[in-house]
Amino acid sequence: MDKKKAPKHSSYLLFCFSVFIALFLEIVHFPAEIEMFRPDFLALVLIYFAFFDPQRINMGFAWICGLILDLLTGAPLAINALICAAQVFIIRTQFKRFSNYVIYQQAIIIGLVNIIAHVAAYWLEHLLGAGNYHVNFIGTALATTVAWMFIALFLKYLCKKFAVVPFGAEQED
């Protein structure tokens, strides 16, 4: 089959599958030694798709996915939604050319934004009276930074493998 005639698929199916896997990885229990280095899988998937297909995947999706994570983990309602939406918002508004950066530069930016969002949510949890004093922001941010390089490359591979195109690219022929 010719590449021009290859069928193009919407990003929604791959997005939903990726979010499902990310939610699963967020709620699965890891051994105590590596629990403090759990990457923020859901935020990484949301950030990737917010840049891959910005017309379809936006902060509203990030907020909804965060609410689902709140319900799954029993966190105070809207804390994870705030973390996910804030990360997508900061990266989308402050780093317009984020997708043009080299992958390690993207990873550093994501690590810094991750730490900022988690500190803000930690502060908000304390205002609500639901704070956890044994939170390790640095371990999570470092793990998220390293995980970005692998998750971004893997999702890029999946998008090419399954001929997933962003909104608007389907009509171009």
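Refer to the preceding data block for the structure.
Here is a short report on the structure shown in this document.

**Concerning the side chain of Asp 53**
- Here Asp 53 is to be found in the loop between helix 3 (41–52) and helix 4 (59–73).
- Given a relative accessible area of 0%, Asp 53 falls into the buried group.
- Sequence-distant contacts of Asp 53, that is, excluding residues within four places in its chain, are made with Ser 11, Val 165, Pro 166 and Phe 167.

**Here's the deal with the packing of aromatic side chains**
- The final tally for this structure, using the stated rule, is ten aromatic pairs.
- Residues Tyr 48 and Phe 49 carry aromatic rings whose centres are separated by 5.4 Å and whose planes lie at 90° to one another, so their mutual orientation is edge-to-face.
- With 6.4 Å between their ring centres and 70° between their planes, Phe 98 and Tyr 101 make a pair best called edge-to-face.
- The exposure class assigned to Phe 98 is buried, which follows from its relative accessible area of 2%.
- Ring pairing ties together the aromatic residues Tyr 12, Phe 15, Tyr 48, Phe 49, Phe 52 and Phe 61, which thus form one cluster.
- Across from the ring centre of Phe 30, 4.3 Å away, lies the NZ or CZ of Arg 38, which sits over that ring.
- Against the face of Phe 51 rests Arg 92, its NZ or CZ located 6.0 Å from the ring centre.

**Considering the pattern of salt bridges**
- Scanning the model with the defined rule gives two salt bridges in all.
- For Arg 38, the salt bridge identified is with Glu 35, shortest N-O distance 2.9 Å.
- In this structure Glu 35 comes out as partly exposed when scored by relative accessible area, which is 33%.

**Quick notes on helix 5 (residues 79–94)**
- The end-to-end C-alpha separation of helix 5 is 22 Å, in line with the 22 Å expected for 16 residues at 1.5 Å each.
- Taken as a whole, helix 5 has its buried residues at Ile 79, Asn 80, Ala 81, Ile 83, Cys 84, Ala 85, Gln 87, Val 88 and Ile 91.
- On its buried face, helix 5 sits against helix 3, helix 4 and helix 6 (103–128).

**Thoughts on the nonpolar core**
- By size, the foremost hydrophobic cluster in this structure holds 37 residues, and its most contacted members are Leu 42, Leu 46, Tyr 48, Phe 49, Ile 91, Phe 98 and Trp 148.
- Where this core is concerned, the elements lending two or more residues are helix 1 (11–27), helix 3, helix 4, helix 5, helix 6 and helix 7 (137–161).
- The element best represented in this core is helix 3, accounting for eleven residues.
- Those residues in contact with Ile 91 that sit more than four places away from it in its chain are Ile 47, Phe 51, Phe 98, Ile 109, Ile 110 and Val 113.

**Quick notes on unusual backbone geometry**
- Unlike most non-glycine residues, Ala 163 shows phi in positive territory, near 55°.
- Residue position: Ala 163 is located in the segment after helix 7.

**So, helix 4**
- Taking 1.5 Å of rise per residue, the 15 residues of helix 4 would be expected to cover 21 Å, and the 21 Å separating its terminal C-alpha atoms lies within 8% of that figure.
- Within helix 4, the full set of buried residues consists of Ala 62, Cys 65, Gly 66, Leu 69 and Asp 70. Summarising the axial view, the buried residues of helix 4 lie within an arc of 150°, below the 170-degree limit, and thus occupy one face.
- Backbone nitrogen of Gly 60 and a side-chain oxygen of the N-cap are separated by 3.0 Å at the start of helix 4; the cap is Asn 58.

Conventions adopted
- Residues numbered from 1 in each chain as written.
- Predicted model: local features only at pLDDT ≥ 70, side-chain atom pairs only at ≥ 80, totals over all residues.
- Heavy atoms only, no water.
- Helix = DSSP H or I, 4+ residues; strand = E, 2+ residues; numbered from the N terminus.
- Buried < 20%, exposed > 50% of the residue type's maximum accessible area, 1.4 Å probe, protein only.
- Contact = heavy atoms within 4.5 Å.
- Phe/Tyr/Trp six-rings, centres within 6.5 Å; stacked < 30°, edge-to-face > 60°.
- Lys NZ or Arg CZ within 6 Å of the ring centre and 35° of its normal.
- Salt bridge = Lys/Arg side-chain N within 4 Å of Asp/Glu carboxyl O.
- Expected span 1.5 Å × (residues − 1).
- Core = buried A, V, L, I, M, F, W, Y, C linked by side-chain atoms within 4.5 Å.
- Arc of directions from axis to C-beta.
- Polar contact = N/O pair within 3.5 Å; in protein donor to acceptor, adjacent residues only side chain to side chain.

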